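# Descriptive structure summary
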Amino acid sequence: MPPPTVLNSGEPDARCRARPHVVFVPSAGMGHLLPFFRFIGALSAHDVDISVVTVLPTVSAAEADHFARLFQDFPSIRRVDFNLLPLDASEFPGADPFLLRWEALRRSMHLLAPAIAGVRPRATAVVTDVTLVSHVNPIAKDLRLQCHVLFISSATMMSLCSYFPIYLDNKDAEADVGDIDIPGVRRLKRSWLPQPLLDLDKLFTKQFIDNGREVVKTDGVLINTFDALEPVALAALRDGKVIRGFPSVFAVGPYSSLASETKAADAESSALAWLNQQPARSVVYVAFGNRYHVSNDQLREIAAGLEASGCRFLWIVKTTAVDRDEAAGVRDVLGDGFVDRVRGRGMVTKAWVDQEAVLGHPAVGLFLSHSGWNSVTEAVAAGVPLLAWPRAGDHRVAGTVVASSGVGVWMEQWSWDGEEWLVSGQEIGGKVKEMMADAGVRERAAKVGEQAAKAVAEGGTSRTSMLEFVAKLKAA
Ligand code: UDP
């Protein structure tokens with residue numbers, strides 16, 4: 001395998017410079033990469049040098065595209081190409097492609113040390129994804145660099161991530177994983193936990209435990225949240241209630257999308273053009289992220305529900321876990337009849353849209369979402385009510401935040417991955433209609449949106465946290 005290539009590294013070594021140099025080591029999956037890119041964009045406004053490790057090949061076309069745009073938008077950011085060692089996928093039959101990627105990354109991480117040591121000016125800190133931290137933190141410590149985690153989920157989820165190993169240590173070894181009382185945060189029911197955590201032999205769970213133990217040994221954790229959204233979880237992490245000696249917590253969200261994301265959407269998206277034709281707050285935006293696909297039977301129930309609701313809708317349909325594998329057309333899955341019947345009041349697309357631009361559009365009145373954390377924070381920032389229908393992973397934990405913050409309604413009883421029953425079109429349609437008519441939920445979501453805007457404005461909690469993070473980098 002070729003050695004890591006360091007591009008744009010022509011500057012002289014300047015060991016004594018006060019200017020920090022942060023090397024970002026992101027993971028894979030758009031839900032992991034987008035918050036990295038957005039945070040990097042925000043950090044680049046400060047007096048900091050930045051390098052970004054770019055793992056090749058990327059998992060999907062969307063990933064490759066977004067990496068290219070990042071370096072185009074920010075020419076001063078250095079790109080460190082990193083070629084992944086091949087992984088024998090037959091070791092993990094049936095594993096999800098992103099989980100395999102995380103494992104491949106973890107197994108290649110020993111090659112990262114020379115890549116980080118080789119960047120010029122000399123690196124002073126590393127910022128990595130939680131999926132890689134158990135490998136990256138020791139490397140950073142060997143190189144005497146600060147190591148921070150940029151956590152892509154909620155503060156509540158961070159409390160679970162760091163407390164889970166302790167919960168296991170204290171649990172009767174023979175007993176199943178049950179409800180988890182996270183000190184100072186809340187009780188999380190067993191049925192809300194990411195599904196693989198119920199099986200300690202799963203690859204995901206092993207990675208989760210290793211990373212959870214290591215997070216506590218890092219120098220800081222950056223979270224895409226803000227104090228008014230998750231006051232209890234943030235206070236519990238900071239006050240050492242979850243774990244004594246927890247590293248610095250920087251609540252620096254919600255992040256904004258980069259200019260290039262918006263530019264691309266303007267150029268490509270017929271979705272925004274369609275929204276321009278719709279009355280204010282009349283459209284239900286429906287999207288379940290790009291990591292989890294919904295079964296065709298459930299898709300047909302959603303279609304029936306949207307049709308029965310009588311509301312206008314913009315629906316992003318995904319039928320596979322990786323975007324480049326998308327083959328089936330909308331008509332193949334939903335049938336010609338549906339597409340023809342809803343013509344004019346419903347738009348269904350499989351294209352990539354700029355979700356932040358969609359949520360910021362005045363025509364959108366409700367977001368039926370899987371409550372992936374990026375989607376939640378984007379709805380929060382836009383002040384759009386959420387109808388949260390978790391599908392997998394951390395989505396039910398995010399649902400607890402949707403409910404406690406008032407930004408929307410969490411359908412705790414609706415089924416998710418691994419629960420065989422379908423939520424009926426009738427129930428979906430009824431709930432959509434009810435929420436579209438609910439002025440109270442609209443008002444609450446707008447208020448949370450205002451709090452989000454205040455947090456990132458001059459003097460706001462997230463802005464202050466960002467300055468504290470930069471000050472910590474400079475203290476290296
Ligand atoms: N996204 C987008 N356009 C699409 C599909 C997804 O902009 O067509 C973005 C979305 O705005 C969010 C991210 O992809 O920032 C998905 O992350 P999330 O945490 O919501 O869900 P995941 O896909 O990780 O389950």
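Relevant structure appears above.
Now for a look at the structure at hand. One numbering rule holds for all chains: residues counted from 1, following each sequence as written. In view of the model being predicted, local features appear only for residues whose pLDDT reaches at least 70, and side-chain atom pairs are presented and counted only at 80 or more, with totals across whole chains, interfaces and linings using the full set of residues. Excluding hydrogens and water, the side-chain values take into account all heavy atoms of the structure.

### Quick look at the nonpolar core
Our working definition: Among the buried residues, those of types Ala, Val, Leu, Ile, Met, Phe, Trp, Tyr and Cys that are joined through side-chain atoms within 4.5 Å form a nonpolar core. Buried means the residue's accessible area, taken with a 1.4 Å probe over protein chains only, is under 20% of the maximum for its type, while exposed means over 50%, and partly exposed covers the values in between. Going along the chain from the N terminus, every DSSP run of H or I of four or more residues is numbered as a helix, and every run of E of two or more is numbered as a strand.
Core analysis: the largest hydrophobic core is formed by 70 residues, its most contacted members being Leu-160, Phe-164, Leu-275, Tyr-285 and Leu-314. For this core, the leading source of residues is helix H6 (residues 155–170), giving nine residues.

### Some thoughts on the pairing of strand E11 (residues 283–287)
Operational definition: Each pair of strands is called paired provided DSSP finds at least two bridges between the two strands. For the handedness criterion, the strands are oriented away from the viewer, and a crossover whose path from the first strand over the helix to the second runs clockwise is classed as right-handed.
A large share of E11 lies buried, amounting to five of its five residues. Here E11 shows a buried face lined by Val-283, Tyr-285 and Ala-287 and a second buried face lined by Val-284 and Val-286. Both E11 and strand E12 (residues 312–316) contribute to a ladder of five bridges, which runs parallel. Counted as the bridge partner of Val-284 is Phe-313 from E12. Once the chain exits E11 it traverses helix H11 (residues 296–309) before rejoining the sheet at E12, and the crossover so formed is right-handed.

### A few points about the pattern of salt bridges
We count it as follows: One side-chain nitrogen of Lys or Arg within 4 Å of one carboxyl oxygen of Asp or Glu is enough to make a salt bridge.
Evaluation of the coordinates by the stated rule reveals 25 salt bridges. Asp-181 is the partner of Arg-187 in a salt bridge, and the nearest nitrogen-oxygen pair spans 2.6 Å. Given a relative accessible area of 44%, Arg-187 falls into the partly exposed group. Using a relative accessible area of 45% as the deciding quantity, one classes Asp-181 as partly exposed. Linking Asp-227 and Arg-238 is a salt bridge whose minimum nitrogen-to-oxygen distance equals 2.8 Å.

### Considering the packing of helix H1 (residues 30–43) against helix H19 (residues 461–474)
Selection rule: The convention used is that axes are lines fitted to C-alpha atoms, helices contributing only their stretch in contact, and that angles between N-to-C directions extend from 0 to 180 degrees. Working rule for angles: under 35 degrees goes down as roughly parallel, over 145 as roughly antiparallel, 65 to 115 as roughly perpendicular, anything else as oblique. By the convention used here, residues are in contact when the closest approach between their heavy atoms is within 4.5 Å.
Contact geometry of H1 with H19 gives a least axis separation of 12 Å together with a crossing angle of 75°. Considering the angle they form, H1 stands roughly perpendicular to H19. In this structure, H1 contributes Phe-39, Ala-42 and Leu-43 to the contact, and H19 contributes Met-466, Phe-469 and Val-470.

Spatial relationships are all this shows, so hold off on functional conclusions.
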